[in-house]
Amino acid sequence: MQRSITISQIKQAAREAYDESKGVTGGANANYIPYLANIDPELFGLSVTLTDGTSFNFGDTDYRFGIESVSKVPTAILAMIQHTPDGVLRQIGADATGLPFNSIFAILLENDHPSTPLVNAGAISACSMIAPQGASREKWEAITGNITDLCGSAPELIDELYESETATNFNNRAISWLLKNYNRIYDDVDMSLDLYTRQCSLGITSSQLAVMGSTIANHGLNPVTGKQVFDAEISPKITTMIASVGFYQHTGDWLFTSGIPAKTGVGGGVMGVMPGLFGIAAFAPPLDDAGNSVKAQAVIKKFMNKLGLNFLSGDNVTITAD
């Protein structure tokens, strides 16, 4: 079915969804990372960026929060740029685990690969794949440079969060060495884990994440800067990964109720990709039992439902001027 929605309809839906979600309660800040436990739980922002570069921002959209697991998306893209999507499929995989994001049991169940670059095991493996091998500084520059290209502006490392993560990442250390045991770490183990920990500690805003989501939705072309960040063939591959595991063991429920592939992080951020139309991001620190922001989920669902959009509906949707 052919459908069109106007830019003003999108803006109105975003404003209404934001206003209606302000009072949503429930959840709690991530308490296993001391820095995140102390973030103001009342912070809340919603950003939408269309594939023509038009952006709408409501609330605390300039606040830099920890990108955390949303960082898995750009690093997976970078691994596909450097090694092709098929190379990432061979060396990591693309399967949802159906288990928590930091599961060790998932590695034991599938010891031939870490399942997907969008869970901790696969993300650490992806960091180990980033070129050049054995060069921590150059790898870090590649990771942050790629995020900058996707967002159109640079993230900033939150030193206190990085120190807090490094002091408490015992589970990820176990994951890293278990992956090494199965020959699924492709560079120095400690370096790969440190790169992953650092990328999770980057400070990002919801407005930046909305641009990243829009760049993915726009087949790798950043709609703000006009830069072709990655080949168009990568866009459906990363969107498929986001759709299959973006909310970990709650991914099916998320897609059923929201209709949009989205990636979550324990810093309180959620980034969604509506192919061909827009990227959306929301931020609010309190999380549910799976580590997903309660309020960010609510506002994105409201927004999507107000517009009647679902990426699996088969509709041919276009955005028109008013």
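Computed from a prediction, not measured in an experiment: that's the story for all the values here. (Residues numbered from 1 in each chain as written. Predicted model: local features only at pLDDT ≥ 70, side-chain atom pairs only at ≥ 80, totals over all residues. Heavy atoms only, no water.)

Student: Lay out unusual backbone geometry in plain terms, naming residues and giving numbers.
Tutor: The omega torsion of the bond from Ala 131 to Pro 132 falls at 0°, within 30 degrees of zero and hence cis. Residue Glu 68 is not a glycine yet carries a positive backbone phi of 50°. The residue Glu 68 is located in the loop between β4 (65-66) and α3 (72-91) in this model. A relative accessible area of 4% means that Glu 68 is categorised as buried. Of note, Asn 183 is a non-glycine position whose phi angle comes to about 60°, a positive value. (Helix = DSSP H or I, 4+ residues; strand = E, 2+ residues; numbered from the N terminus. Buried < 20%, exposed > 50% of the residue type's maximum accessible area, 1.4 Å probe, protein only.)

Student: Can you lay out the side chain of Thr 205 for me, pointing to particular residues and giving the numbers?
Tutor: Relative to the helices and strands, Thr 205 resides in the loop between β6 (202-204) and α10 (206-217). A distance of 3.0 Å separates a polar side-chain atom of Thr 205 from the backbone nitrogen of Gln 208. Dropping the residues within four chain positions of it, Thr 205 is found in contact with Thr 61, Asp 62, Tyr 63, Arg 64 and Phe 65. (Polar contact = N/O pair within 3.5 Å; in protein donor to acceptor, adjacent residues only side chain to side chain. Contact = heavy atoms within 4.5 Å.)

Student: How would you sum up the pattern of salt bridges? Please name residues and give values.
Tutor: Per the stated rule, a full pass over the model turns up nine salt bridges. Between Asp 19 and Lys 22 there is a salt bridge, with the nearest N and O atoms lying 3.7 Å from each other. Residue Asp 19 is classed as partly exposed on the basis of its relative accessible area, which comes to 43%. The closest approach of N and O atoms between Arg 198 and Asp 194, which form a salt bridge, is 3.1 Å. With Arg 198 and Asp 194 both in helix α9 (residues 189-200) and four residues apart, this pair spans about one turn of that helix. (Salt bridge = Lys/Arg side-chain N within 4 Å of Asp/Glu carboxyl O.)

Student: Give me the lowdown on helix α8 (residues 170-181), citing residues and values where you can.
Tutor: Along its 12 residues, α8 runs 17 Å from first to last C-alpha, staying within 8% of the 16 Å computed at 1.5 Å per residue. Those residues of α8 lying buried are Asn 172, Ile 175, Ser 176, Leu 178 and Leu 179. Along the axis of α8, the buried positions cluster into a sector of 165°, meaning they face one direction only. Set apart from the buried face of α8 by more than 90 degrees, the exposed residues are Phe 170 and Asn 181. Phi turns positive one or two residues past the end of α8, at Asn 183, with a value near 60°. (Expected span 1.5 Å × (residues − 1). Arc of directions from axis to C-beta.)

Student: I'd like to hear about the nonpolar core, residue by residue, with values.
Tutor: One finds Val 73, Ile 77, Ile 143, Leu 209, Met 212, Ile 216 and Ile 238 to be the most contacted residues of the largest nonpolar core, which totals 66 residues. Top element by residues in this core is α3. It accounts for seven residues. Not counting the four nearest positions on each side in its chain, Leu 209 is found in contact with Phe 65, Ile 67, Val 70, Ile 204, Met 271 and Ala 281. (Core = buried A, V, L, I, M, F, W, Y, C linked by side-chain atoms within 4.5 Å.)

Student: Just give me the short version of the state of the cysteines, but keep the residues and values in it.
Tutor: Here the structure, examined in full by the defined rule, presents zero disulfides. Unpaired in this structure, Cys 151 has its nearest cysteine sulfur neighbour in Cys 200, at a distance of 15 Å. Among the residues examined, Cys 151 registers a relative accessible area of 4% and is labelled buried. Cys 127 supplies the cysteine sulfur nearest to Cys 200, a cysteine that is in no disulfide, at a spacing of 7.8 Å. (Disulfide = S-S within 2.5 Å.)

Student: Pulling in residues and values, what's your account of a negative patch on the surface?
Tutor: Negative charge collects at one region of the surface, where Asp 40, Glu 42, Asp 60 and Asp 62 lie side by side. Considering the arrangement of structural elements, one finds Asp 60 in the loop between β3 (55-59) and β4. Judged by relative accessible area, Asp 60 falls into the partly exposed class, the value being 30%. (Patch = residues over 30% accessible without salt bridge, like charges linked within 9 Å, V, L, I, M, F, W, Y side chains within 5 Å. Areas by Shrake-Rupley, 256 points an atom, 1.4 Å probe, with all protein chains shown as cover. Lys, Arg positive; Asp, Glu negative; His and termini not counted. Charge placed at Lys NZ, Arg CZ, Asp CG, Glu CD.)

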